[in-house]
Amino acid sequence: MKLAHCIPVLMYHHVSPADGSLTTSPANFESQISGLARCGYHSLTAAEFADFLEGKPTPAKSVLITFDDGYLDNWVYAHPILQKYSMHAVLFVITGLMGEGPVRPHSGQAEAVLPEARGHLECKALVSTGSPDAAMLRWTEVQAMQEVGTFEFHSHTHTHNRWDLTGEAREVCLKNLAQDLADSRAALLENLGAVSAHFCWPQGYFDTDYVVAAQTAGFKYLYTTAAHGQNLVGSSPAHIYRIAVRNRAYRWLLMRAWFATHPIVGPIYNKWKLWKRSLRDKA
Ligand SMILES: [Zn+2]
């Protein structure tokens, strides 16, 4: 068996017919997932990805599919497509926004009357006006997806707050972050019976103190929004690179995964992208 030397970690937010940022259409998501399946890619669990980082032999065509936040459209559109192709994804949920109530219809059910599809900005507005249920997942939906095996669930904090932007003193920010992490762990434990060592930073923000806070809270595998680096055997679990998936068909994704994982081309491509960004930042 050919073994993986580098594993691409994909990052999604919405799968939805509603237009908006951070959104992949259901047609492109199906193209991507079916394309990966057709090419023989195996979608890892977070535990399998952790084993890979720690040196366990893992098949070459492996990918980790991640989602952030926990939007209702993940249940309505992404879950049935993952199920159709026997693929698996990892979802980092904002535990404080998860609702109660029965599961809602999804697009894998014939003649289902689906919940209204909402774009990213509309979801944000619903959350900020205190009506997250129309935008975010319910615990019953999370449990249903976990049972079927399309998704597994990990922490993305309880509130998704950027404590560093609150203007509070440094110690207060760190105290609030620690509480946020503890609350998310408690919610996952209460509703799913378990909490893992995998954690994703809200808006990708972290610094050295934040990393220590997350590790102190019990998180070891820290997922960033930094795209231009490789997840290799022996890479630091405290800095996992992820590729933001574009709203494109599978050919783009396979090409991007090839660039990301190639032992020679990958590092050159990443360096070039980071150099281009540094020029842009200077301008
Ligand atoms: Zn997020």
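Since the model is a prediction, treat every value here as computed from it, not as a measurement.

To continue, consider the overall build of the protein chain. Of regular secondary structure, the protein chain possesses nine helices and ten strands. For the protein chain, the C-alpha radius of gyration of 18 Å lies close to 19 Å, the compact-globule estimate for 283 residues. Viewed in the frame of its principal axes, the protein chain has a C-alpha envelope of about 55 × 50 × 40 Å. Taken over 283 residues, the protein chain has a buried fraction of 50%. Put simply, of all contacts in the protein chain between residues at least 6 apart along the chain, 72% involve residues at least 24 apart.

This part covers empty space enclosed by the protein. One way to see where empty space is left: roll a probe the size of a water molecule over the atoms. With the rule as written, the count across this model stands at three cavities of 30 Å³ or more. Roughly 80 Å³ of internal volume is contained in the largest cavity. What lines the largest cavity is simply S16, L72, D73, V76, Y77, P115, E116, A117, R118, C123, A134 and A135. With four residues, helix 3 (residues 72-84) is the largest single contributor of residues to the lining of the largest cavity. Of the residues that constitute the lining of the largest cavity, the class distribution is eight nonpolar, one polar and three charged. As a volume, the second largest cavity reaches approximately 60 Å³.

A few words on the layout of surface pockets. The volume enclosed by the largest pocket comes to roughly 590 Å³. Lining the largest pocket are 27 residues, and of these L22, D69, Y71, H120 and H160 sit closest to its centre. For the lining of the largest pocket, the elements supplying multiple residues, two or more each, are strand 1 (9-12), strand 3 (23-24), strand 5 (62-69) and helix 4 (120-128). Of the residues that constitute the lining of the largest pocket, the class distribution is twelve nonpolar, eleven polar and four charged.

Let us look at a nonpolar patch on the surface. Where nonpolar side chains cluster on the molecular surface, the patch consists of W272, W275 and L279 and spans about 340 Å² of accessible area. Take L279: it is sitting in helix 9 (residues 265-282). Since its relative accessible area comes to 40%, L279 is described here as partly exposed.

Right, let's talk about the environment of A144 for a bit. Mapped onto the fold, A144 is located in helix 5 (residues 139-148). Classification of A144 by relative accessible area gives partly exposed; the value is 22%. Placed 132 residues apart in sequence, A144 and K276 show a C-alpha to C-alpha distance of 44 Å. Here A144 is in contact with W75 and V103, once residues within four sequence places are set aside.

Each pair of donors in an ideal four-coordinate tetrahedral metal site encloses 109.5 degrees, whereas pairs in an ideal six-coordinate octahedral site enclose 90 or 180 degrees. Here the zinc ion is held by the protein donor atoms D69 (OD), H156 (NE2) and H160 (NE2), which lie 2.1 Å from it. All donors to the zinc ion come from one chain, and their sequence spacing reads D-x86-H-x3-H. Taken together, the positions of D69 in strand 5 and H156 in the loop between strand 7 (151-155) and helix 6 (170-192) put the pair 87 residues apart, joining distant regions of the chain. For the pair shown, D69 and H156 are each scored as buried.

Side chains V9 and M11 of strand 1 all project onto a buried face; the interleaved residues L10 and Y12 project onto the opposite face, where all are buried too. Sheet topology places strand 1 next to strand 5; four bridges connect them, and they run parallel. Each bridged residue has a counterpart across the sheet, and for L10 the counterpart in strand 5 is I65.

Further remarks concern the packing of helix 6 against helix 7 (residues 208-217). Each pair of packed helices can be described by the angle between their axes along with the distance between the axes. Taken N-terminus to C-terminus, the directions of helix 6 and helix 7 make an angle of 35 degrees; their axes are 10 Å apart at the nearest point. In terms of crossing hand, the pair formed by helix 6 and helix 7 is right-handed. Residues R170, L174, L177, L181 and R185 of helix 6 form the contact with helix 7, whose participating residues are D209, Y210, A213, A214 and A217. Considered class by class, the residues forming the contact of helix 6 with helix 7 number seven nonpolar, no polar and three charged.

Let us now look at helix 2 (residues 46-53). Along helix 2, the residues classified as buried are A46, F49, A50, F52 and L53. Down the axis, helix 2 shows its buried residues gathered within 155 degrees of arc, on one side only. If you follow the buried residues of helix 2, they end up packed against strand 1, strand 5, strand 6 (89-93), strand 7, strand 8 (198-200) and strand 9 (221-223). Positive phi appears at G55, one or two residues downstream of helix 2, with a value of about 105 degrees.

Moving on, we come to unusual backbone geometry. Of note in the backbone geometry, S86 takes a positive phi value of approximately 50 degrees without being a glycine. Among the secondary structure elements, S86 is positioned in the loop between helix 3 and strand 6. In this structure, E111 is a non-glycine residue whose phi angle is positive, near 55 degrees. With respect to the helices and strands, the residue E111 is situated in the loop between strand 6 and helix 4.

Analysis parameters
Residues numbered from 1 in each chain as written. Predicted model: local features only at pLDDT ≥ 70, side-chain atom pairs only at ≥ 80, totals over all residues. Heavy atoms only, no water. Helix = DSSP H or I, 4+ residues; strand = E, 2+ residues; numbered from the N terminus. Rg over C-alpha atoms; globule rule 2.2 N^0.38 Å. Buried < 20%, exposed > 50% of the residue type's maximum accessible area, 1.4 Å probe, protein only. Contact = heavy atoms within 4.5 Å. 1 Å grid on protein atoms, 1.4 Å probe; cavity = no way out; pocket = protein on both sides within 12 Å on 5 of 7 lines; lining within 4 Å. Points joined across faces, edges and corners; volume = space filled by probe spheres on them. Nonpolar A, V, L, I, M, F, W, Y, C, P; charged D, E, K, R; others polar. Patch = residues over 30% accessible without salt bridge, like charges linked within 9 Å, V, L, I, M, F, W, Y side chains within 5 Å. Areas by Shrake-Rupley, 256 points an atom, 1.4 Å probe, with all protein chains shown as cover. Salt bridge = Lys/Arg side-chain N within 4 Å of Asp/Glu carboxyl O. Donors = N, O, S within 2.8 Å, 3.2 Å for Na, K, Ca; no water. Pairing = 2+ DSSP bridges. Axes fitted to C-alpha atoms, helices over the stretch in contact; angles between N-to-C directions. Left-handed = near helix turned anticlockwise from the far one by under 90°. Arc of directions from axis to C-beta.

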